[in-house]
Protein chains: 4
Amino acid sequence: MERKLRYAMVGGGPGAFIGAVHRTAVRLDGLAEIVAGAFSSSAEKSKETGTELHLDPNRVYGSWQELIEKEASRTTDRLDFISIVTPNFLHYPVAKAALEAGFDVVCDKPMTMTVEESEDLCRTVTKTGRLFALTHNYTGYPMVKEARKLVSDGKLGELRKIVVEYPQGWLSTLLESDGQKQAVWRSDPEKAGISSALGDIGTHCENLVHYITGLEMDSMLADLGTVVAGRVLEDDASILIKYKGGARGILYCSQISIGEENALTIRVYGSKAALEWKQENPNYLRMKYPDAPEQILKRGSGYLGAAAAHASRLPGGHPEAFIEAFANIYTSAIRCMAARAAGAAPTALDNDYPTVQDGARGIHFIHTAVDSHKRQSWVDASYSPPK
Amino acid sequence: MERKLRYAMVGGGPGAFIGAVHRTAVRLDGLAEIVAGAFSSSAEKSKETGTELHLDPNRVYGSWQELIEKEASRTTDRLDFISIVTPNFLHYPVAKAALEAGFDVVCDKPMTMTVEESEDLCRTVTKTGRLFALTHNYTGYPMVKEARKLVSDGKLGELRKIVVEYPQGWLSTLLESDGQKQAVWRSDPEKAGISSALGDIGTHCENLVHYITGLEMDSMLADLGTVVAGRVLEDDASILIKYKGGARGILYCSQISIGEENALTIRVYGSKAALEWKQENPNYLRMKYPDAPEQILKRGSGYLGAAAAHASRLPGGHPEAFIEAFANIYTSAIRCMAARAAGAAPTALDNDYPTVQDGARGIHFIHTAVDSHKRQSWVDASYSPPK
Amino acid sequence: MERKLRYAMVGGGPGAFIGAVHRTAVRLDGLAEIVAGAFSSSAEKSKETGTELHLDPNRVYGSWQELIEKEASRTTDRLDFISIVTPNFLHYPVAKAALEAGFDVVCDKPMTMTVEESEDLCRTVTKTGRLFALTHNYTGYPMVKEARKLVSDGKLGELRKIVVEYPQGWLSTLLESDGQKQAVWRSDPEKAGISSALGDIGTHCENLVHYITGLEMDSMLADLGTVVAGRVLEDDASILIKYKGGARGILYCSQISIGEENALTIRVYGSKAALEWKQENPNYLRMKYPDAPEQILKRGSGYLGAAAAHASRLPGGHPEAFIEAFANIYTSAIRCMAARAAGAAPTALDNDYPTVQDGARGIHFIHTAVDSHKRQSWVDASYSPPK
Amino acid sequence: MERKLRYAMVGGGPGAFIGAVHRTAVRLDGLAEIVAGAFSSSAEKSKETGTELHLDPNRVYGSWQELIEKEASRTTDRLDFISIVTPNFLHYPVAKAALEAGFDVVCDKPMTMTVEESEDLCRTVTKTGRLFALTHNYTGYPMVKEARKLVSDGKLGELRKIVVEYPQGWLSTLLESDGQKQAVWRSDPEKAGISSALGDIGTHCENLVHYITGLEMDSMLADLGTVVAGRVLEDDASILIKYKGGARGILYCSQISIGEENALTIRVYGSKAALEWKQENPNYLRMKYPDAPEQILKRGSGYLGAAAAHASRLPGGHPEAFIEAFANIYTSAIRCMAARAAGAAPTALDNDYPTVQDGARGIHFIHTAVDSHKRQSWVDASYSPPK
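What you see is a predicted model, and the numbers here were worked out from it, not measured in a lab.

Participant: Explain the overall build of chain A to me, using residue names and the numbers behind them.
Facilitator: A tally of regular secondary structure across chain A gives 12 helices and 14 strands. Relative to a compact globule of 387 residues, whose C-alpha radius of gyration would be 21 Å, chain A shows 20 Å and is just as compact. Over its C-alpha atoms, taken along the principal directions, chain A stretches across nearly 65 × 50 × 40 Å. Across the 387 residues of chain A, 63% fall into the buried class.

Participant: Could you give an account of the relation of the copies chain C and chain D, naming the residues involved and the relevant values?
Facilitator: When chain C is fitted onto chain D, the two copies agree to an RMSD of 0.0 Å after a turn of 180° and an axial shift of 0.0 Å. On the angle and the small slide along the axis, the relation comes out as a two-fold axis. Measuring from the rotation axis to each C-alpha of chain C, the shortest distance belongs to S377(C), at 3.1 Å.

Participant: Can you break down the interface of chain C and chain D residue by residue, with the values?
Facilitator: With 33 residues of chain C at the interface, the matching set in chain D holds 33 residues. Of all the secondary-structure elements, those providing two or more residues to the side of chain C that touches chain D are β6 (159-167), β7 (217-225), β8 (236-243), β9 (248-254) and β10 (265-270) of chain C. Along the lines of polarity and charge, the residues of the side of chain C that touches chain D split into 14 nonpolar, 11 polar and eight charged.

Participant: Which residues make up the sheet that holds strand β1 (residues 5-10) of chain A, and what values go with them?
Facilitator: Residues and elements named next belong to chain A. With parallel pairing, the five strands of this open sheet are ordered in space as β2-β1-β3-β4-β5. Here the strands that pair on one side only, and so sit at the sheet edges, are β2 (32-38) and β5 (132-134). Strand-to-strand twist of the sheet, defined as the mean angle between neighbouring strand axes without regard to direction, takes the value 20°. Across four bridges, β1 lies against strand β3 (residues 81-84) in parallel orientation. Within the sheet, the bridge partner assigned to Y7 lies in β3 and is F81. Sitting on the sheet, helix α3 (residues 64-72) is in contact with β1 and β2, with an inclination near 125° to β2.

Participant: Residue-level account of the interface of chain B and chain A, with values.
Facilitator: Chain B puts 33 residues into the contact, and the matching count from chain A is 33 residues. Here the side of chain B that touches chain A gets four residues from one element, more than from any other, and that element is strand β9 (residues 248-254) of chain B. Class assignment of the residues belonging to the side of chain B that touches chain A gives a composition of 14 nonpolar, 11 polar and eight charged.

Participant: Explain the packing of helix α1 (residues 18-29) of chain B against helix α1 (residues 18-29) of chain C to me, and be specific about the residues and the numbers.
Facilitator: For the pair α1(B) and α1(C), interaxial distance at closest approach is 8 Å and the crossing angle is 155°. Classed by the angle they form, the pair α1(B) and α1(C) counts as roughly antiparallel. At the point where α1(B) passes α1(C), the crossing takes the right-handed sense. On α1(C), the residues touching T24(B), R27(B) and L28(B) of α1(B) are T24(C), R27(C) and L28(C). A per-class count over the contact of α1(B) with α1(C) returns two nonpolar, two polar and two charged.

Participant: Go over the pairing of strand β11 (residues 274-278) of chain D with me, naming the residues and quoting the values.
Facilitator: All names here are of chain D. Burial runs high along β11: four of the five residues are buried. One ladder, built from five bridges, connects strand β10 (residues 265-270) with β11; its direction is antiparallel. Counted as the bridge partner of Y269 is A274 from β11. Hairpin connection of β10 to β11: three residues between the antiparallel strands. Across four bridges, the pairing between β11 and strand β12 (residues 284-288) is antiparallel. Directly across from A274, in β12, lies its bridge partner K288. Connecting the antiparallel pair β11 and β12 is a turn made up of five residues.

Participant: Break down unusual backbone geometry for me, with residues and values.
Facilitator: Following K109(B), the chain continues into P110(B) via a peptide bond in cis, with omega recorded as -5°. Relative to the assigned elements, P110(B) resides in the loop between β4 (104-107) and α5 (115-128). Positive phi outside glycine occurs at D77(A), with the angle close to 45°. Classification of D77(A) by C-beta neighbours within 10 Å gives exposed; the count is 11.

Participant: Break down α1(C) for me, with residues and values.
Facilitator: Burial analysis of α1(C) places nine of its 12 residues in the buried class, the great majority of the element. Buried residues of α1(C): G19(C), V21(C), H22(C), R23(C), T24(C), A25(C), V26(C), R27(C) and L28(C), and no others. Where α1(C) is buried, its residues contact α1 of chain B together with β1 (5-10), β2 (32-38), β3 (81-84) and α11 (322-341) of chain C. Among the residues trailing α1(C), G30(C) stands out with phi positive, at a value near 65°.

Participant: Got a sec to walk through the nonpolar core? Specific residues and values, please.
Facilitator: Membership of the largest hydrophobic core comes to 504 residues, with the highest contact counts inside it found for V105(A), V105(B), V105(C) and V105(D). The contact partners of V105(C), leaving out residues within four places of it in the chain, are F81(C), I82(C), I84(C), A95(C), A98(C), L99(C), R130(C) and F132(C).

Participant: Explain the domain arrangement of chain A residue by residue, including any values.
Facilitator: Residue and element names in this part refer to chain A. Domain boundaries assigned for chain A yield domain 1 (5-138 + 333-354) and domain 2 (141-313 + 360-380). For domain 1 and domain 2, the distance between their C-alpha centroids amounts to 26 Å. Between domain 1 and domain 2, the contact holds 19 residues from the first and 25 residues from the second. Split by residue class, the side of domain 1 that touches domain 2 holds 11 nonpolar, five polar and three charged.

Participant: An account of the environment of R59(B) is requested, with residue identities and associated values reported.
Facilitator: Residue and element names in this part refer to chain B. Mapped onto the elements, R59 comes out in the loop between α2 (43-52) and α3 (64-72). Assessed through the 20 C-beta atoms surrounding it within 10 Å, R59 is described here as buried. Between the C-alpha atom of R59 and that of K70, which follows or precedes it by 11 residues, the distance is 8.4 Å. Apart from residues lying up to four places away in sequence, R59 is in contact with V35 and A36.

Participant: Pulling in residues and values, what's your account of the sheet that holds strand β3 (residues 81-84) of chain D?
Facilitator: Residue and element names in this part refer to chain D. The five strands are arranged β2-β1-β3-β4-β5 in an open sheet whose pairing can be described as parallel. Of all the strands in the sheet, the pair left with one neighbour each is β2 (32-38) and β5 (132-134). Going across the sheet, the axis of each strand differs from the next one's by a mean of 20°, ignoring polarity. Pairing of strand β1 (residues 5-10) with β2 involves six bridges; the strand directions are parallel. Considered in β2, the bridge of L5 is made with A32.

Participant: Outline α3(A), supporting the account with residue identities and numerical values.
Facilitator: All names here are of chain A. Burial in α3 covers these residues: W64, L67, I68 and E71. Around the axis of α3, the buried residues are gathered within 95° of arc, so they sit on the same side. Looking at the buried positions of α3, the neighbouring elements they touch are β1, β2 and α4 (91-100).

Conventions and cut-offs
Residues numbered from 1 in each chain as written. Chains lettered and ligands numbered in written order. Predicted model: local features only at pLDDT ≥ 70, side-chain atom pairs only at ≥ 80, totals over all residues. Helix = DSSP H or I, 4+ residues; strand = E, 2+ residues; numbered from the N terminus. Rg over C-alpha atoms; globule rule 2.2 N^0.38 Å. Buried ≥ 20, exposed ≤ 12 C-beta atoms within 10 Å, placed from the backbone. Least-squares fit on C-alpha atoms with pLDDT ≥ 70 in both. Contact = placed C-beta atoms within 7 Å. Nonpolar A, V, L, I, M, F, W, Y, C, P; charged D, E, K, R; others polar. Pairing = 2+ DSSP bridges. Axes fitted to C-alpha atoms, helices over the stretch in contact; angles between N-to-C directions. Parallel < 35°, antiparallel > 145°, perpendicular 65-115°, else oblique. Left-handed = near helix turned anticlockwise from the far one by under 90°. Core = buried A, V, L, I, M, F, W, Y, C linked by C-beta atoms within 7 Å. Domains from an automatic or database assignment. Arc of directions from axis to C-beta.

Structure, rendered in structure tokens:
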């Protein structure tokens, strides 16, 4: 790349968790640098973070509206993209405004509050021609990319059963009543939307299955639980899924699976072989066969496909983890932005990050699950996001 | 015990799998010896097995009816109990006849073909006053007993979520068309009943949850799959469960989870802690806490409860496995039989084996799941077996 | 087999550990039954165990000398073999007398107290033509047999490095001062010999390496530790080994590796591949390659060799463990005894149990290690036991 | 920190591995930025890397001598430190010159070619008063810091046995004959020094033991192997160690342990408890007790000590790995540099990185091991690096 790209962040001020993750992920490969921000709705707090990051105080704002307005009017050192790491309810307005102001966007998930918003964002991306990337970071793991390749190469045969689970235990108590910042907004429908567990982690499950298998849902039956007394939104969800083509699935996500940390796991069973991947020990991918030894595929090995290799930085045995996977989303998006800016087509290996359509699919999934739960019955789950 | 007990086996002839397991399990502790058998509906095959076992040819029969009739009329070396290891459809008639002839019974699962049969068997046990044990062998594992104790002692707090799964892959192809004996009868509704996966392994899941947690089902939603073309009964089942008291569950059993062997696993999440146990590496039990290190409890350790200790034969690190767990069901039942015969009360530690009521609960579970699947809706799953 | 064989046990009375293990191992396959015993040097205690086992009181003896004398003179229901499970110092005299009285022998390890005794026993076996099996039980595991086959088939290439370890923690305190029976005799040179850790567990390491690889030692450097104050014999040993042909080895055994149970592990690195096996989870064998995924080979799988299959009783996923491996030694030896008795040659699959030469090799290993430690230098470790 | 520090790199040009690792590690926390470099002895290659990194071409040099001379004479934007990532033989001259020119230094290991050089460097650091940090990166892992704390807090009791191993398989063939850059210089005594395996990875083992336990060696017995035909330096080492105070150790490092990636593992056994940590899955630390369940301590948990917490960036379950550990060495050193520059004392938590004395200890270890191997005998291994 000719130069480092420049970006601004909306959200990610004091007390936030994911903002720092995004910034670290960008730093890892050194392909872009933060130059502006509206880190908080409090101008003072925004400034605090700006100072910590050694930013030019003139580019640190007290509102995202101001940021977009001022930055859009700059003629030098213009932003290449805006990174959105606010609570959920702000994703849509900020993203839409940023796209319309001519900026590429990297946005945290879930993409919007409603299906309507998400579809409007799809159309906005198409209309503006900007790049939009959603940080479904778990698809950034090399061994997830290898899983996708193995399915796509037919190594598993016809897919039959998908079991994806994402148990966490951090909301086993009414943490939001203690003022823990993450817990507070995630359990507030005004800020999080109609869902807590589904929106925060269930949507990662849905996205991971889609990324690895390409399967589209046909129908689903969801049972949501609001387990901890005093809580408003669901903190546990169990969903049965029928995919188009006949495969069946179980999707289980939970914030009250006490003692669990971040135990995202996927198993895909086909007619020829099965695969299994666990996020908490992400450098390994297991393949199981009916008549041959189980295999442990390892990141960094020569026998892996191009996508896994492209997404690795270190040799085998030198473990990579969460931050590298997160960085892979950014780095792919950034390289695509740079290619576009240079009038070139991005490579297929770079053109591998979650899109606005993936975001819309996720929002539809959340709303369909809530609907199924309300009806306590199977519901149609088929969906095609607008292009 | 004063003497070894004597038993006869019905089923378990050439080509059978589970008959040999039962016989080995009995031999392990040397508390009973086989003296008679009707091992096959073919008199010749029955004789073949009798010879292998060095049995008195006069006590090897060509039909179970003959066995019961002749053995019931003996005045010396009388049988203490009959072990039933036939295909499912024979469990009920043989067990009923054996009980009524005055024999104690150890029977394989699922107990009967219908709910009516199972309830009749409950009443028969009560009426005859005989001992009836069902070989839900997985509850014989020491660490399963420890799990039960930890729940019962309140170490997990209020139970919130139970995830039990039993994936196997052996029926990933249409094995029954090749004449594999196990596959043939298990996939034949005349011999296996209305279910394959549920009856063979799903019922172990149900029993394991009940044994460890004591929870009773309130309602369920089942989705069954008959995945392999040409198969008649289901080979895959995903079930959502609501337990009385508010806990929720996921129960997943499958015979087409390719590459899996016998991967029965249970996780129980409470308000204070969670536990996890895996049958394929059964000497360990994991406990997870919100604010303390995860623990690996090990069979043979001094800190375990009396039930786990009573069910162990070897010191820690000298692994025990499937056959010891199976033997524990037999040994408990045999010691109870011997105590009764001696006019004594069995100890609480011995009085720990699956009963005819557990069997009835299992049959009700299978039929309820099939019903839910047919309706594709939540159904009432509450049940109290007759005493 | 035409009939069950008959055996007597010397040792294994109240408070013993390994006697019950031997008896259970024999029962597992039902090929032999115990009919006599001298279970303790106390006639009363011997009788107590005899009663528990429902033995004919006339065949329960107060001394091993009496047992051999009386049993040798029987004309009916004669013993086929004698099983020796005493403390180490009695192995040699009992075994020698039993062989000379015309009995086959199964003996616990280490075989004798001295190299001279072990070599005399080798010659006694040859002279009497009796069968002698030593219970190096860990070689009875199916996956150990598979490991041997993989090495023998050249799958690992030329062997380069062997790391075998056997850490235990049970003697981390001066347990022998509390009167714990196992600890007392194992730490008493009069009863255990010149070594504790080496004789009890180090010799299993030596035997396991030899069984799997066939390698012969060329030289060794041993460092022994007597870590717990007040102890007489070593409770920790670290040994470097040079094998004939150029491979190098590390052998580590310890009774003060606190928190460890029975963690026997072996890794063999060759020029083409490596293998790893862990006794505490014995159904799996790992194979590692430079340029292919790591493999987990599983007991019960169709792709395993004949020896592993022959040594298995249950399908994959139905774990087998310590007692099955122990039983495999007995069952192999018993089948060989029965074949000989029938004038037939044992099959190659049965003719697979540790011999008197393996025992002599073990005794030489122990004495060489003690010698190396005393000199604190490399010593010649080459050895050929007498045929 | 007031501002980002500025650094230059010596080494790390095209084809190098560790240079990119160092640069990425520095970027992770964004506390320093690279502004100059002499990346290769070829001016052209040096320039190539400078361009990739978007450096000012005037600060990209064709020799390290030029870099130090020119950078030392700058009056603006002066370097804060120099990072040395060359092959081993250049560490000493570059470090010495950099220190004497007034720069702080971060240097890769092993620190020098000879004991004399390493001791001279110790004195140079003292004389110049500069900060010197050595990238023994494995001590940067949070769970290694927790291990150190547990030992230091006495949780393990008196230390008895340390088993540290570092098997790799990448040199199982004569890779250096294919021109693989890493293999070429590491196997060349002119560039690597008197050792390959010991200098590259054995020294990490030595350092890790010292960091966690604080133990000092008393004597050692080393057996080195040059396993692959055609190789000059050793590719396999097994070392027995006696530590001052009575603990014993086994240290095993290897480049021909085929199929292994980077399997650094340490176990420490004390009189009260044992710990185990594995680099390839570094977020977990196991504690084993004689009479309590084994524990798995997890990075990011509230029960960990201050050092582990300080060294973590992400919550539990969001795995961190190699690059974070590496960054921790840099970040600690950089914060100490910044504190010094600000005239403040560094915090105890920051003042936690490998020093020039650790480097000297490592060089002494390597040379002692080579000496012991040559003599094939135990040798004195006690050592105190000059302050």
